[in-house]
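These are the residues of each chain, in order.
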There are 2 protein chains.
Amino acid sequence: MKTMGLQRLMLVAPQRFPDPEATARASGASDLLDAATVCSSLDEALQGTVFAIALSARARDLGPEPAQARQAALDLLARAETGEVALVFGNETSGLSNAELQRCHAAVTIPANLDYSSLNLGAAVQILAYELRMAAFDAAPPRPQLATPSLSDPATHEEIEGFYGHLERLMIRTGFHDPARPKRLLPKLRRLFGRAQLEKDEVNILRGIVAAAEMAAEGRTPGQAGGTRGAADKSNN
Amino acid sequence: MKTMGLQRLMLVAPQRFPDPEATARASGASDLLDAATVCSSLDEALQGTVFAIALSARARDLGPEPAQARQAALDLLARAETGEVALVFGNETSGLSNAELQRCHAAVTIPANLDYSSLNLGAAVQILAYELRMAAFDAAPPRPQLATPSLSDPATHEEIEGFYGHLERLMIRTGFHDPARPKRLLPKLRRLFGRAQLEKDEVNILRGIVAAAEMAAEGRTPGQAGGTRGAADKSNN
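Given the structure is predicted, the values throughout are model-derived calculations rather than measurements.

Trainee: For the overall build of chain A, give the residues involved together with the corresponding values.
Mentor: Each helix and strand in chain A was counted, giving nine helices and six strands. Residue pairs at least 24 apart in sequence account for 79% of intrachain contacts in chain A once pairs closer than 6 positions are excluded. Working note: accessible area of chain A is about 11,600 Å², and carbon and sulfur atoms make up 52% of it.

Trainee: Summarise empty space enclosed by the protein; cite the residues concerned and give the values.
Mentor: In the structure shown here, the tally under the stated rule is six cavities of 30 Å³ or more. Estimates place the volume of the largest cavity at around 190 Å³. As for the largest cavity, its lining consists of 15 residues, of which L167(A), I209(A), L167(B), I209(B) and V210(B) are closest to the centre. Secondary structure elements with two or more residues in the lining of the largest cavity: α7 (157-173) and α9 (200-217) of chain A together with α7 (157-173) and α9 (200-217) of chain B. By residue number, the principal contributor to the lining of the largest cavity is α9(B), which donates four residues.

Trainee: Residues and numbers for α9(A), please.
Mentor: Residues and elements named next belong to chain A. For α9, with 18 residues, the first-to-last C-alpha span of 26 Å sits near the 26 Å given by 1.5 Å per residue. Taking burial as the measure, the 18 residues of α9 include 15 buried ones, the bulk of the element. Just downstream of α9, G219 is the residue with a positive phi angle, here 80°.

Trainee: Before we move on, can you summarise the nonpolar core with the specific residues and values?
Mentor: Counting residues in hydrophobic clusters, the biggest one holds 42 residues, and the most contacted among them are F163(A), L189(A), F193(A), F163(B), L189(B) and F193(B). Sequence-distant contacts of F163(A), defined by excluding residues within four places in its chain, comprise F193(A), L198(A), V203(A), L206(A), R207(A) and V210(A). F51(A), A69(A), L76(A) and M4(B) belong to the second-largest nonpolar core, a separate cluster that totals 24 residues.

Trainee: I'd like to hear about α7(A), residue by residue, with values.
Mentor: Taking 1.5 Å of rise per residue, 17 residues should cover 24 Å, and α7(A) covers 24 Å from first to last C-alpha, within 8% of that figure. In this fold, the buried residues of α7(A) make contact with α3 (42-46), β3 (49-55), α8 (185-196) and α9 of chain A together with α9 of chain B. A positive phi of about 85° marks G175(A), the residue just after α7(A).

Basis of the calculations
Residues numbered from 1 in each chain as written. Chains lettered and ligands numbered in written order. Predicted model: local features only at pLDDT ≥ 70, side-chain atom pairs only at ≥ 80, totals over all residues. Heavy atoms only, no water. Helix = DSSP H or I, 4+ residues; strand = E, 2+ residues; numbered from the N terminus. Contact = heavy atoms within 4.5 Å. Areas by Shrake-Rupley, 256 points an atom, 1.4 Å probe, with all protein chains shown as cover. 1 Å grid on protein atoms, 1.4 Å probe; cavity = no way out; pocket = protein on both sides within 12 Å on 5 of 7 lines; lining within 4 Å. Points joined across faces, edges and corners; volume = space filled by probe spheres on them. Expected span 1.5 Å × (residues − 1). Buried < 20%, exposed > 50% of the residue type's maximum accessible area, 1.4 Å probe, protein only. Core = buried A, V, L, I, M, F, W, Y, C linked by side-chain atoms within 4.5 Å.

Put into structure tokens, the structure is as follows:
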């Protein structure tokens, strides 16, 4: 990280930290370790970010389609102009779970020998950090074409998770979703909305739709006295 | 090396070889170590090559002008069409001497943080091997093995329009949307779902969520006798 100019390290539920072996191996870069933030969950680590890319070593049924490292670095840099971004790595042994991958907006793979494709964690971090540096300082990198110009700021991780939680409650309330037999409904919805890369304004609209449906399911309408939460479209434009 | 598809390793006057620590660290790639050639001098290692590029961490008074890793990888590949080529690395502690550097045809540097530029040997080899792989396969990249194919066919225009219509009815029914004062709610939703490029299966899920919310708003549940349309998640996977 430090050789490539990256500084902010977040550690999610590390087994041991600080650890003398880690400090010894960080020779000359222990300032990064000293300044690392320890989080208890991936959600906590991603709080406030607007875009997160996860390293994915293998194909997944669900979850974002992986881009190659070079393209992913360009995408991450472009998003960094709108807010905080993150690169997410799993641990050395097992990588990221599907649930963790689905909390990120995009996935990245490192092109490798198909017969021996598993880079160790340090090597993978090195390559992605290098591609980020190249993307940042290489002469006039091509700007990734974002599908549509954004109307409002990108939604943060916790805003999007809030929407998923709210939608899930509605689906349970209306009998569409049975938590005891979840099938793969929630991952599919994450995959869909993940592709869209929601904006703040859009999350507000979606939550408004869900809140209004919830109140209607409870026999209330937004105008009724019993309504504790307003849920009509209040966006101004 | 092996993750990037490189196989031939020449070791110049190693202090210890084979070495149990090296073998242990090579997990899964010990075949490369087993097949490594031990040479007594750099000249011997370079015998038969037509082009050699040396990693140079710092500016030298003499010797070739260093190219950046990306360019050097392209150069090395181009030369490889005319004969054997080599990438030359110094040891972890002191790198290459001026005399060794001058035995090579070109030098390469890895762009790095000016305040902390010294990559360890393994990291430097990883980046150069990666750039060689990218240079070799970038022009005609192998089919992305990891890109998850769509789960179902893309939804047709009329399927998507059907969903928009259904969602609009729900939003009116629940009081979230007032057709007399439409603002820009529907165009915003079209923009959101348009970015996601909905698949058939996803449209079915979305319509199921909407149908269940509609029935709940009417005081029915999917299981009730009055329900004319089923609206539980029936997707099979």
